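Per-entry structural report
So the chains spell out like this:
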Amino acid sequence: MAYHMIFRFRQPRRRFELASQFVMSDQSRAKKSVFGERSAGEEVQEAGVSSAVDIISAIEFDNSGNHLATGDRGGRVVLFERTDTNNSSGTRRELEEADYPLRHPEFRYKTEFQSHDPEFDYLKSLEIEEKINKIRWCQTANGALFLLSTNDKTIKFWKVQDKKIKKICDMNSDPSRAIGNGTIASSSNSNITSSCLVNGGVSEVNNSLCTDFSLPPGGISSLRLPVVTSHESSPMARCRRVYAHAHDYHINSISNNSDGETFISADDLRINLWNLEISNQSFNIVDVKPAKMEDLSEVITSAEFHPTHCNMLAYSSSKGSIRLIDLRQSALCDSHSKLFEEPEQAGPKSFFTEIIASVSDIKFAKEGRYLLSRDYMTLKLWDINMDAGPVATFQVHEYLKPKLCDLYENDSIFDKFECCISGNGLRAATGSYSNLFRVFGVAPGSTETATLEASRNPMRRHVPIPSRPSRTLSSITRVVSRGSESPGVDGNTNALDYTTKLLHLAWHPNENSIACAAANSLYMYYA
Amino acid sequence: MAMVDEPLYPIAVLIDELKNDDIQLRLNSIRRLSTIARALGEERTRKELIPFLSENSDDDDEVLLAMAEELGVFIPFVGGIEYAHVLLPPLESLCTVEETCVREKAVESLCKIGSQMKENDLVESFVPLVKRLAAGEWFAARVSACGIFHVAYQGCTDVLKTELRATYSQLCQDDMPMVRRAAASNLGKFATTVESTFLIAEIMTMFDDLTKDDQDSVRLLAVEGCAALGKLLEPQDCVARILPVIVNFSQDKSWRVRYMVANQLYELCEAVGPDCTRTDLVPAYVRLLRDNEAEVRIAAAGKVTKFCRLLNPELAIQHILPCVKELSSDSSQHVRSALASVIMGMAPILGKDSTIEHLLPIFLSLLKDEFPDVRLNIISKLDQVNQVIGIDLLSQSLLPAIVELAEDRHWRVRLAIIEYVPLLASQLGIGFFDDKLGALCMQWLQDKVYSIREAAANNLKRLAEEFGPEWAMQHLVPQVLDMVNNPHYLHRMMVLRAISLMAPVMGSEITCSKFLPVVVEASKDRVPNIKFNVAKLLQSLIPIVDQSVVDKTIRQCLVDLSEDPDVDVRYFANQALNSIDGTTAAQS
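Residues numbered from 1 in each chain as written. Chains lettered and ligands numbered in written order. Predicted model: local features only at pLDDT ≥ 70, side-chain atom pairs only at ≥ 80, totals over all residues. Heavy atoms only, no water.

**Topic: the overall build of chain B**
Defined as follows: Secondary structure is summarised from DSSP: a helix means a run of H or I of at least four residues, a strand means a run of E of at least two, and numbering begins at the N terminus for each. Values of the radius of gyration come from C-alpha atoms, whereas the globule rule sets the reference at 2.2 Å times the count of residues to the power 0.38. When a residue's accessible area, from a 1.4 Å probe over protein chains only, is under 20% of the maximum for its type it is buried; when over 50% it is exposed; and in between it is partly exposed. Two residues form a contact once any of their heavy atoms are found within 4.5 Å. Surface exposure here means Shrake-Rupley accessible area, sampled with a 1.4 Å probe, where a residue is shielded only by the protein chains that are shown.
Helix and strand content of chain B: 35 helices and zero strands. Rg of the C-alpha trace for chain B: 33 Å, well past the compact-globule value of 25 Å for 588 residues, more than 25% over. Along the three orthogonal principal directions, the C-alpha set of chain B runs to about 85 × 80 × 35 Å. Evaluated residue by residue, chain B yields a buried proportion of 59% over its 588 residues. Residue pairs at least 24 apart in sequence account for 66% of intrachain contacts in chain B once pairs closer than 6 positions are excluded. Surface summary for chain B: the accessible area is close to 24300 Å², and the carbon and sulfur share equals 50%.

Below, the structure written as structure tokens:
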């Protein structure tokens, strides 16, 4: 049992008609559950028909795993919350380790908000897309959720909180006497300004109000405080800070520091360090821009802070290298403290060698010892204490090798696939074409691999890689191998659809479940 | 809906607006909370207004910030000190909001209130509040708690004191770095209230933990604690407990920690006494001056004078001066700039001979620095050297530096040097100024950038004040007035500007004899901008000159201008005429 939920995003995008926009259906159980009044199950259409703005462009679980956020090309952020959180989370972990079949995490739609809008940079005559490039969760506080979202240029800090809907009654002044709040306001202002003029100073206002009416010591009993009655609450998102105008190029990553007060944002050539509370200044910590732009040979493709060491961060480049830098060493970290590169490979180099070497995503494993990187053809696992080469390399879609020319022609070769690693660090996943994604066992000695398809009918195509039968496979492979009778993709590459690609995915921080985005649909897989 | 008597209407509206949809109106009402409280009376303020505010903690930050501030001075409105405790609940809920500035203000207000509370009230209501916050579920509450321990601790019983110390120690080991940072930055304050017996036993243990924290951000706040704790401890304890820590910090792996040490080191010299300063702190400081991170050198260079002031001159010459020499040719311009801004202060410390022997070459090399900020920083502190060695030794190299800055490509640099010209003039004396700088001052009047021309005009006024009207009459006025024939109208306008600034300094006689004819002549200019500036200028001259001159010359000129074809000229001319009438009316 692998796949169990889809959230599908469709037009219209108006904010207050959310209920009808999301469909959660559980096809494998031939059962549909629908949010909202409309029975929208019938309206679900294939991804190709969906509007381009609904295509999911970022996906991220929060640290607790109780919330999931997605961002899309239309600048919208949608939040989901877990509904099955039981109180015995401690025992759950134990059960999980015992590889015991568990109730899978259920998520439901919580709220959504428009994070970014299309803008126009008049100085550079450039349109700025509203597409959300990355979302990162911040520390929760007072029951409110905080997250950072970014498009190409501007990072925003959001607070999402249940707001009570308030009704105010028992006013002193009769609203019929002064129509609307505006007039009440103006009447109060005129009173105040007149008393200002009499006394010749704003600071006198309080005194004048009091002395004029000679307040009795016991107070005036006819005055009342407004009474607020609140009925229900609904989640409300508010933009708390906007970190803008710090990037000349497109932002590709943002990442929080473990100190809880800073984060970085990386564009093609620079990495900036921000304090969450200060939006008008940032410090440039890495600048790879050469003196002459003609000399440019390498750009930054992704950057991430170490999960526990506040002074370490890694960034990857288009040449396939990953650099680890130590913020303690120097204020400007243009020189790295460690460089991870695949040793130069013998054999012929093709035109594509450099293009496919470009790292599209890097992720630290939970403890920070290992680092996962994805380039066009492979997924690599690095030990940050070993810079001689990757600990393991996994071929994601080796069968594409003869097709690189076609892929170059239609620009697919520049697709940026993300990767993710499970909370326990035992498995990693990354996406491919035809809405497929692959899961690899990354623990030493593990040989498990699995290919899954994000679609409404997940049993359609499975590509089990033969693994030693003696090994106890984890449940995730068990799930996959069940439907393995169909012919593998390897023999069926003509059917490969380059337009349906699974770029974005995220692993739940402490459970074996993966959220992945195919076009406008969000799929949740669990094992 | 209750109807309110007419005179109470403003207050009634003020109260209603506490819940208005418009944030500006809510803010307005919160700022007048004391008025509302007085209108309600003390009892109803306690029983209704304060509980009402306690429930208001989900409002906008600006409103909460204003509320936190108002509540800090609210004791008189709730019925005096014995009722101060009713103010604690709303402030407690403000202490838990996630916006830092609101929390900080709430903590500040709580401290204000707590420090006035009676001892048993403190024990009954304030201490439980501290404990509640310290055990808060979310980090925001615990962060706030760190800031109020010192108030709670003072009036406590011994049992409670023990408990509070234990709680603070817990906060120092909190899981969240934010809380540890708050604990680190408030440790010094808390330590001042703790009895000296516990200082060594408990506070220093907490301090040691913080200094070993994994997070750089916590350690660097612990650096600040070094100086604060150092002052509380006996010298021998300080040497034993703080000194090793600071020496360690000065070699920390993180440049940000070393940067903090470089900023704070001089404060510790007093605490550890002269012997340890010589044996430990001077070497540590020398290391920081030679740090390989430029930011650290900048911080260290900026404290050179303060540090040297605490040493005897021999030590300074022997250990610090060689570093200063190195820094004066540092590869980072910001380091040189930081050095240049303080190095002049070393002259009085070293005395005349050493200054000439050691510092003068450094001054001179910095004066020739390729980076304008460095040169400017030296020039701005010129008076300090003048007191020690006199300007003669410097003036040789000074002039090329000034001239170069005066003609710098960047107008901000030119602007900066213009602002120092009066200082230079007073230091260098009239003779030197006449020879060298006079021409520059006139040149600036015709600069391409308006701000420079404006500053140049202002400069003339300040020079006139410095050297007196007679000198100005000889050296400034003729040159300025010559410019009135300049073909460019913007330059002609500068003449008017200079006149308006200089006239009050030069006095009535010179204004009438020299300036007024030029101004009247300018009123016949072909450019309307000149003409209406003449009108404005004439208006400003009215109080300076005699009434007869006003009637005879100024009025006539303005009347002519008031019939000008240009609407702006007529407007300003009429405005000036009105002000003449106004003053004459007032006099008669």
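**Some words on the overall build of chain A**
What chain A contains, in helices and strands, is six helices and 32 strands. Here chain A holds 527 residues, and the buried ones make up 52% of them. In chain A, once contacts between residues fewer than 6 apart in sequence are set aside, the share between residues at least 24 apart is 57%.

**Some remarks on the nonpolar core**
In plain terms, the rule: As used here, the term nonpolar core means buried Ala, Val, Leu, Ile, Met, Phe, Trp, Tyr and Cys residues forming a set that is joined through side-chain atoms within 4.5 Å.
L49, F74, F126, I320, I343 and W444 of chain B are the most contacted members of the largest nonpolar core, which totals 249 residues. Once residues lying within four places of it in the same chain are set aside, the contact partners of F74 of chain B are L33, S34, A37, T45, L49, I50 and L87 of chain B.

**What about the domain arrangement of chain B?**
The condition is simple: The domain boundaries here were taken from an automatic or database domain assignment.
The domains assigned to chain B are domain 1 (214–292) and domain 2 (515–587). Computed over C-alpha atoms, the centres of domain 1 of chain B and domain 2 of chain B are 67 Å apart.

**Some points on the pattern of salt bridges**
Let me state the cut-off plainly: Each reported salt bridge corresponds to a side-chain nitrogen of Lys or Arg within 4 Å of a carboxyl oxygen of Asp or Glu.
Scanning all chains against the criterion turns up 55 salt bridges over all chains. Here K401 of chain A ties to E398 of chain A by a salt bridge, and the two come within 4.0 Å at their closest N and O atoms. Given the relative accessible area of 36%, E398 of chain A is considered partly exposed. A salt bridge links R336 of chain B to E370 of chain B; the nearest nitrogen and oxygen atoms lie 4.0 Å apart. Placement of the pair is R336 of chain B in helix α21 (residues 333–343) and E370 of chain B in the loop between α22 (346–367) and α23 (372–380), with a sequence separation of 34 residues. Within this structure, K159, R240 and R241 of chain A together with D61, E98 and E99 of chain B form a network of salt bridges that share partners.

**Here we look at a nonpolar patch on the surface**
Defined as follows: Surface patches are defined over residues having more than 30% relative accessible area and no salt bridge, joining like charges when they lie within 9 Å and nonpolar side chains (Val, Leu, Ile, Met, Phe, Trp, Tyr) when within 5 Å.
Together, Y370, M386 and V391 of chain A give the surface a local cluster of nonpolar side chains, amounting to about 230 Å² of exposed area. Take V391 of chain A: it is sitting in the loop between β24 (378–383) and β25 (392–395).

**Some thoughts on the environment of L276 of chain A**
Residues and elements named next belong to chain A. Within the secondary structure layout, L276 lies in the loop between β16 (270–275) and β17 (278–287). In the structure, L276 is positioned 151 residues away from R427 in sequence and 32 Å away in space, judged by C-alpha atoms. Ignoring sequence-local partners within four residues, the contact set of L276 consists of C138, L148, F157, R241, Y243, G260, E261, T262 and F263.

**Examining helix α14 (residues 196–211) of chain B**
Residue and element names in this part refer to chain B. Worth spelling out the cut-off: Bend is the name given here to the angle between axes fitted to two runs of seven residues, the run ending at a residue and the run starting at it.
Maximal helix bending in α14 amounts to about 35°, located at I203. Within α14 the residues assigned to the buried category are L199, I203, M204, M206, F207, D208, L210 and T211. In the core, the buried residues of α14 are packed alongside α12 (158–172), α13 (177–193), α15 (216–232) and α16 (235–249).

**Some thoughts on the sheet that holds strand β20 (residues 322–326) of chain A**
All names here are of chain A. Definition in use: Two strands make a pair as long as DSSP finds a minimum of two bridges between them. In this analysis, axes come from line fits to C-alpha atoms, helices being fitted only over the stretch in contact, and the angle between any two N-to-C directions falls in the range 0 to 180 degrees.
Strand order in this open sheet of four strands is β18-β19-β20-β21, and the pairing throughout is antiparallel. The open sheet has two free edges, formed respectively by β18 (300–305) and β21 (338–340), since each of these has just one partner strand. Each adjacent strand pair in this sheet contributes to an overall mean axis angle of 20°, direction not counted. Pairing analysis gives five bridges linking strand β19 (residues 312–317) to β20, with the strands arranged antiparallel. Opposite M312, over in β20, you have D326 as the bridge partner.

**Some details on the packing of α21 of chain B against α23 of chain B**
Residues and elements named next belong to chain B. We apply this condition: An angle counts as roughly parallel when it lies under 35 degrees, as roughly antiparallel when it exceeds 145, as roughly perpendicular when it falls between 65 and 115, and as oblique in every other case. Following the grouping adopted for this structure description, the nonpolar residues are Ala, Val, Leu, Ile, Met, Phe, Trp, Tyr, Cys and Pro, the charged ones are Asp, Glu, Lys and Arg, and the polar ones are all others, Gly among them.
α23 packs onto α21 with a crossing angle of 5° between their chain directions and a minimal axis gap of 7 Å. Compared by their axis directions, α21 and α23 come out roughly parallel. Two secondary-structure elements touch here, α21 through Q333, R336, S337, A340, S341 and I343 and α23 through D373, V374, N377 and I378. Along the lines of polarity and charge, the residues of the contact of α21 with α23 split into four nonpolar, four polar and two charged.

**Digging into the state of the cysteines**
Put simply, the rule reads: In plain terms, two cysteine sulfur atoms within 2.5 Å form what is called a disulfide here.
Counted by the stated rule, this structure contains zero disulfides over all chains. Looking at C516 of chain A, it has no disulfide partner, and the nearest cysteine sulfur is the one in C420 of chain A, 8.7 Å off. Take C323 of chain B: it sits in no disulfide, and the sulfur closest to it among the cysteines is that of C308 of chain B, at 9.7 Å.

**Thoughts on the sheet that holds strand β7 (residues 107–114) of chain A**
Sheet strands pair by backbone hydrogen bonding; their relative direction is either parallel or antiparallel. All names here are of chain A. Spatial strand order, β4-β5-β6-β7: four strands in an open sheet with antiparallel pairing. Since the sheet does not close on itself, it has two edges, and those belong to β4 (56–61) and β7, each with one partner. Each neighbouring strand pair of the sheet contributes to a mean axis angle of 20°, computed without reference to strand direction. Bridge count between strand β5 (residues 67–72) and strand β6 (residues 76–82): five bridges; the pairing is antiparallel. When the bridges of β6 are listed, L68 appears paired with F80.

**Thoughts on the side chain of D564 of chain B**
Residue and element names in this part refer to chain B. Test applied: Under the rule applied, a polar contact is a pair of N or O atoms within 3.5 Å (in protein, one hydrogen donor and one hydrogen acceptor; residues adjacent in sequence only if both atoms are side-chain atoms).
Position of D564 among the secondary structure elements: in the loop between α34 (547–561) and α35 (567–587). With relative accessibility at 9%, the residue D564 sits in the buried group. A polar atom in the side chain of D564 sits 2.9 Å from the side chain of K531. In this structure the side chain of D564 is engaged in a polar contact, spanning 2.8 Å, whose partner is the backbone nitrogen of D566. With sequence-adjacent residues up to four places away left out, D564 is seen in contact with K531, V569 and R570.

**Structural notes on the pairing of β18 of chain A**
All names here are of chain A. β18 sits mainly inside the fold: six of its six residues count as buried. As defined by bridge partners, β18 adjoins β19 across five bridges and the pair is classed as antiparallel. Looking at the pairing, F305 lines up with L313 of β19. The hairpin turn running from β18 into β19, its antiparallel successor, is six residues long.

**Re α15 of chain B**
Since the α-helix turns once every 3.6 residues, residues separated by three or four places project in the same direction. Residue and element names in this part refer to chain B. Inclusion rule: By this rule, a helix spans an expected 1.5 Å times one less than how many residues it contains.
Helix length check: α15, at 17 residues, gives a terminal C-alpha distance of 25 Å against a target of 24 Å (1.5 Å per residue), a fit within 8%. The largest bend along α15 reaches roughly 30° and is located at G225. Burial of α15 is extensive: 13 of the 17 residues sit out of reach of the surface.

**Thoughts on unusual backbone geometry**
One can expect most non-glycine residues to show negative phi and most peptide bonds to be in trans. All names here are of chain A. Of note, S125 is a non-glycine position whose phi angle comes to about 55°, a positive value. For D411, which is not glycine, the phi torsion reads 70° and is therefore positive. Locating D411 in the fold gives a position in the loop between α5 (404–409) and β26 (419–421).

**Regarding the packing of helix α31 (residues 489–506) of chain B against helix α32 (residues 508–522) of chain B**
Residues and elements named next belong to chain B. Worth spelling out the cut-off: In a left-handed crossing the near helix is turned counterclockwise from the far helix by less than a right angle, and in a right-handed crossing that turn is clockwise.
Remark: α31 packs on α32, axes separated minimally by 9 Å, with the N-to-C direction vectors making an angle of 165°. The angle between α31 and α32 places the two elements in the roughly antiparallel class. Pair α31 / α32 crosses with left-handed handedness. Residues L496, I499, M502, A503 and M506 of α31 form the contact with α32, whose participating residues are S508, I510, T511, F515, V518, V519 and A522. Looking at the contact of α31 with α32 residue by residue, the class counts come to ten nonpolar, two polar and no charged.

**As for the environment of G438 of chain B**
Residues and elements named next belong to chain B. Structurally, G438 is set in helix α27 (residues 438–445). You can call G438 partly exposed: its relative accessible area is 21%. For G438 and H475, which are 37 residues apart along the polypeptide, the C-alpha to C-alpha distance reads 7.7 Å.

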